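Commentary on secondary and tertiary structure
Residue strings, one per chain:
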Amino acid sequence: MKRLISCGLVLWLAAACGTDSGAKGDEDDPVEDYDEKADSFFTPTRHGELIFGYASDARLEDDALFHAWEFSLDEASLVTLSTILVTDNLDTVMYLYRIDPDGSCGSYIEKNDDDGQSVASRIEATLEAGRYRVLVKGHKRFLRG
């Protein structure tokens, strides 16, 4: 049985400024550009369990450039994860990982930079039962908000 689960991964990170995604340049590489920072792609600010239907606030700051949440599915479900941007000139990138039984994540299974309407991030996918992690960062390492 499939069910629709809508997730307000509402990261009060930024507001879209409607720029052309081709004009903004390439995304900063999270491994090469951040791996020596204490708050990195590998050690993000963890916000715990994502509760479907509720917003979860987060800000990109010098000591919190990456944010992560986890959630579990008991059965296959259509899941929507999105950032809602409330600060001008910020652009987010979202990664979705399936967590293996040993707790590792491996490569991301979905990634979104721009949702098609703005520079907010949005992932909509039918996912199997299991445990997942969503990670959000800025498109460029200097972005704050």
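Since this is a predicted model, take the numbers as computed values, not measurements.

From N to C terminus, the protein includes 1 helix and 8 strands. Element order for the protein, N to C, with α for helix and β for strand: β-α-β-β-β-β-β-β-β. Considering only contacts within the protein whose residues lie at least 6 apart along the sequence, 75% involve residues at least 24 apart. By element, 47% of the accessible surface of the protein is carried by carbon and sulfur atoms, the whole surface being about 7,500 Å².

If you walk through the whole model with that rule in mind, you get 4 aromatic pairs. Ring centres 5.3 Å apart and planes at 80° place the aromatic pair F52 and F71 in the edge-to-face group. You can see F52 sitting in the loop between β2 (45–49) and β3 (66–73) and its partner F71 sitting in strand β3, a full 19 residues away along the chain. Assessed through its relative accessible area of 23%, F52 is described here as partly exposed. Residues Y95 and Y97 carry aromatic rings whose centres are separated by 6.5 Å and whose planes lie at 20° to one another, so their mutual orientation is stacked.

The next subject is the nonpolar core. Counting 15 residues, the largest nonpolar core has F71, L81, L96, L127 and V134 as its most contacted members. Contributions of two or more residues to this core are made by β3, β4 (77–82), β5 (92–99), β7 (122–127) and β8 (130–138). When neighbours within four sequence positions are excluded, L127 is seen to be in contact with F71, L73, E75, A76, S77, V79, L96, I109 and Y132. Counting residues in hydrophobic clusters, the runner-up holds 8 residues, among them L65, Y95, I99 and C105.

Take the environment of L73 next. With respect to the element layout, L73 can be found in strand β3. With a relative accessible area of 4%, L73 lands in the buried category. For L73 and E128, which are 55 residues apart along the polypeptide, the C-alpha to C-alpha distance reads 7.3 Å.

Here the focus is the confidence of the model for the protein. The predicted coordinates of low-pLDDT regions are not to be read in fine detail. Mean pLDDT for the protein: 74, with 68% of residues reaching 70 or above. Element-level pLDDT for the protein is lowest in strand β1 (residues 3–7), with a mean of 39, against a maximum mean of 92 in β7.

Overall, mixed pairing links the 5 strands, which are arranged β2-β3-β8-β5-β6 in an open sheet. Single-partner strands in this sheet number two, and they are β2 and β6 (110–112). Along the sheet, successive strands turn relative to each other by an average axial angle of 15°, direction set aside. Pairing between β2 and β3: 3 bridges, direction parallel. When the bridges of β3 are listed, E49 appears paired with E70.

Basis of the calculations
- Counting of residues starts from 1 at the beginning of each chain's written sequence and follows it residue by residue.
- With pLDDT at 70 or above as the cut-off, local features in this predicted model cover only qualifying residues; side-chain atom pairs require 80 or more to be listed or tallied, and sums for whole chains, interfaces and linings still use all residues.
- Hydrogen atoms and water are omitted, and side-chain values are computed over all heavy atoms in the structure.
- The way it works is that DSSP assigns letters per residue, a run of H or I at least four long becomes a helix, a run of E at least two long becomes a strand, and they are numbered from the N terminus.
- Pairs of residues are marked as contacts when any of their non-hydrogen atoms sit within 4.5 Å.
- Exposure was quantified through the Shrake-Rupley algorithm and a 1.4 Å probe, taking into account, for residues, occlusion by the shown protein chains and nothing else.
- The pairing test for Phe, Tyr and Trp rings, Trp by its six-membered ring, is centres within 6.5 Å, and the orientation test on the planes gives stacked under 30 degrees, edge-to-face over 60, and tilted for anything in between.
- Between buried and exposed lies partly exposed: a residue is buried under 20% and exposed over 50% of the maximum accessible area for its type, with that area taken using a 1.4 Å probe on protein chains only.
- Put simply, a nonpolar core is a bunch of buried Ala, Val, Leu, Ile, Met, Phe, Trp, Tyr and Cys residues held in one set by side-chain atoms that sit within 4.5 Å of each other.
- Across the chain, each position has a pLDDT score giving the predictor's confidence in that residue, from 0 to 100.
- Any two strands with at least two DSSP-identified bridges between them are counted as paired.
- For every element, the axis is a line fit to its C-alpha atoms; helices are fit only across the contacting stretch, and the angle between N-to-C directions ranges from 0 to 180 degrees.

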